[in-house]
Amino acid sequence: MKDQSFPFLTGFALVLLIIHYLQVGCSPAVLPALQKDFPELFRSPNSTVVTELTDDLPPQVKSYKSNNTQSLGELLIGFFKYYTTFSWDRTISVRVGGTQPTPHGRIWSGPYIRLADPTDEGNVTRGVYNLHEFTRIKNAFKSASDQLSQTASLHDILKLN
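Quick caveat, the model's predicted, so the values are computed rather than measured. (Residues numbered from 1 in each chain as written. Predicted model: local features only at pLDDT ≥ 70, side-chain atom pairs only at ≥ 80, totals over all residues. Heavy atoms only, no water.)

1. Regarding the overall build of the protein chain
Here is the rule: Secondary structure is summarised from DSSP: a helix means a run of H or I of at least four residues, a strand means a run of E of at least two, and numbering begins at the N terminus for each. Three labels apply to residues, based on accessible area from a 1.4 Å probe with only protein chains included: buried if under 20% of the type maximum, exposed if over 50%, partly exposed otherwise in between. We call two residues in contact whenever any of their non-hydrogen atoms come within 4.5 Å of each other. Here the Shrake-Rupley method, with its probe set to 1.4 Å, supplies the accessible areas, and only the displayed protein chains count as covering residues.
Across its full length, the protein chain carries 8 helices and 3 strands. Taken from N to C terminus, the helices and strands of the protein chain fall in the order α-α-α-α-α-β-β-α-β-α-α. Residue burial in the protein chain is summarised as follows: out of 161 residues, 33% are buried. The contacts in the protein chain between residues at least 6 apart in sequence include a share of 55% that link residues at least 24 apart. Taken as a whole, the protein chain presents about 9,800 Å² of accessible surface, with 58% of it coming from carbon and sulfur.

2. Topic: the pairing of strand S2 (residues 98-101)
Two faces belong to every sheet, and in a regular strand the side chains alternate between them. Note the following rule: For two strands to be treated as a pair, DSSP must find no fewer than two bridges joining them.
Direction of pairing for strand S1 (residues 90-93) relative to S2: antiparallel, over a ladder of 4 bridges. Across the sheet, the residue bridging to threonine 91 is glutamine 100, located in S2.

3. Points about the environment of asparagine 139
When you line up the elements, asparagine 139 lands in helix H7 (residues 131-151). Overall, asparagine 139 belongs to the partly exposed group, its relative accessible area being 46%. Expressed as a C-alpha distance, the spacing of asparagine 139 and tyrosine 83, which sit 56 residues apart in the sequence, is 10.0 Å.

4. Notes on the packing of aromatic side chains
Our working rule: Note on aromatic pairs: the rings of Phe, Tyr and Trp (six-membered ring only in Trp) are paired at centre separations within 6.5 Å, and the planes decide the class, stacked below 30 degrees, edge-to-face beyond 60, tilted for the rest.
For the structure on display, the rule yields 15 aromatic pairs. Between tyrosine 82 and tyrosine 83, the ring centres sit 4.9 Å apart and the planes meet at 80°, which makes this aromatic pair edge-to-face. Summarising the burial analysis for this pair, tyrosine 82 and tyrosine 83 share the class buried. Among the aromatic residues, those joined into a ring-pair cluster are Tyr21, Phe79, Phe80, Tyr82, Tyr83, Phe86, Trp88, Tyr112, Phe134 and Phe141.

5. A few points about the sheet that holds S1
What the 3 strands build is an open sheet, ordered S2-S1-S3; its pairing is mixed. Bordering the open sheet on either side are S2 and strand S3 (115-116), each of which pairs with just one other strand.

6. Some details on the pattern of salt bridges
One side chain can pair with another of opposite charge once the charged atoms of both are near each other. Heads up, the condition is: A side-chain nitrogen of Lys or Arg and a carboxyl oxygen of Asp or Glu constitute a salt bridge if their distance falls within 4 Å.
For the structure shown, the criterion picks out 2 salt bridges. The residue arginine 136 makes a salt bridge to glutamate 133 at a minimum N-O spacing of 2.5 Å. One end of the pair is arginine 136 and the other is glutamate 133, both in helix H7 and 3 residues apart, which spans about a single turn. A relative accessible area of 15% places glutamate 133 in the buried class. Lysine 142 serves as the salt-bridge partner of aspartate 146, at 3.0 Å between the closest nitrogen and oxygen. With aspartate 146 and lysine 142 both in helix H7 and 4 residues apart, the pair spans about one turn of that helix. Residue classification places aspartate 146 among the partly exposed positions, given a relative accessible area of 30%.

7. Digging into the side chain of arginine 114
Heads up, the condition is: When charges are tallied, Lys and Arg are placed among the positive residues and Asp and Glu among the negative ones, while His and the ends of the chain are skipped. Nitrogen and oxygen atoms within 3.5 Å of one another constitute a polar contact, given that in protein one can donate a hydrogen and the other can accept it, and given that sequence-neighbouring residues count only through two side-chain atoms.
Tracing the chain through its elements places arginine 114 in the loop between helix H6 (106-109) and S3. For the buried arginine 114, no salt bridge is present, and the opposite-charge side chain at shortest range is aspartate 89, 6.7 Å distant. There is a polar contact of 3.1 Å between the side chain of arginine 114 and the backbone oxygen of tryptophan 88.

Read these as geometric descriptors, not functional statements.
Here is the structure:
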């Protein structure tokens, strides 16, 4: 039986948190919700979609331009601030470009962080079942936000020497 007690966010989960922030956490958005904004691209079988999005970008995607003018530093500070005050009782979906009420069911009832997989809509954070670890993750977001708001130094937040 697979151990579901992994107390961390996987790389994929972190990438989805970043994408979600860039879709709805900053204004104006940096990234579109591809599946919502360009549904015609996702009507084909998955293998065709992957080929189309990796070989030569479709014109709709290639022509997308964000009006966001924030620097990477401002976006980083905003990322941590956003997740410091985020309402974790909702499910994050990069597919819809926002959050949605948490569905009922076995894979959604236990974890404290809920991220819908954009390909199959399963929960990619099935590992964050422990309240202590969930609190630790939230505290890491808050600590980074607090440190960056005080010094705005990536050097300080990463404790680089």
